[in-house]
Amino acid sequence: MKDTEGKKRRKRPDEQPPEASPDSPVVSYTPEQRRMIRNGLRIWARVAIRSYMRKHGAALPLPEAAPDGGEEEAQ
């Protein structure tokens, strides 16, 4: 058998383990910071939805709720 002990072989880039997992956060945030980030993301989501709806046209408006009688008024 060939003796390879003591010799270091250079690893190919695809063989090297990743240094940091992309799923794990780099820093930890306080609960207040997490709330602020989540609220900011909600704002951006609303902006994106409004933009999409303007571009593609909004769906037909929903009919208004019927009066308490459960039947629609006759006009």
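One can find the structure itself at the top, above this paragraph.
For clarity, every value in this text was computed on a predicted model and none was experimentally measured.

Moving on: the overall build of the protein. Regarding its fold elements, the protein presents one helix and zero strands. Out of the 75 residues belonging to the protein, those deemed buried represent 0%. As displayed, the protein offers around 8,600 Å² of accessible surface, 55% of which is attributable to carbon and sulfur atoms.

Along its 26 residues, helix H1 (residues 31-56) runs 37 Å from first to last C-alpha, staying within 8% of the 38 Å computed at 1.5 Å per residue. Immediately downstream of H1, the backbone of glycine 57 shows phi near 85 degrees, a positive value.

Turning next to a nonpolar patch on the surface. On the surface, Val26, Val27, Tyr29, Ile37 and Leu41 cluster together to form a nonpolar patch covering roughly 520 Å² of accessible area. Secondary-structure assignment places isoleucine 37 in helix H1.

Here we come to a positive patch on the surface. Judged by side-chain charge, Arg34, Arg38, Arg42, Arg46, Arg50 and Arg54 come together as a positively charged surface patch. Checked against the element boundaries, arginine 34 lands in helix H1.

What counts and how
Residues numbered from 1 in each chain as written. Predicted model: local features only at pLDDT ≥ 70, side-chain atom pairs only at ≥ 80, totals over all residues. Heavy atoms only, no water. Helix = DSSP H or I, 4+ residues; strand = E, 2+ residues; numbered from the N terminus. Buried < 20%, exposed > 50% of the residue type's maximum accessible area, 1.4 Å probe, protein only. Areas by Shrake-Rupley, 256 points an atom, 1.4 Å probe, with all protein chains shown as cover. Expected span 1.5 Å × (residues − 1). Patch = residues over 30% accessible without salt bridge, like charges linked within 9 Å, V, L, I, M, F, W, Y side chains within 5 Å. Salt bridge = Lys/Arg side-chain N within 4 Å of Asp/Glu carboxyl O. Lys, Arg positive; Asp, Glu negative; His and termini not counted. Charge placed at Lys NZ, Arg CZ, Asp CG, Glu CD.

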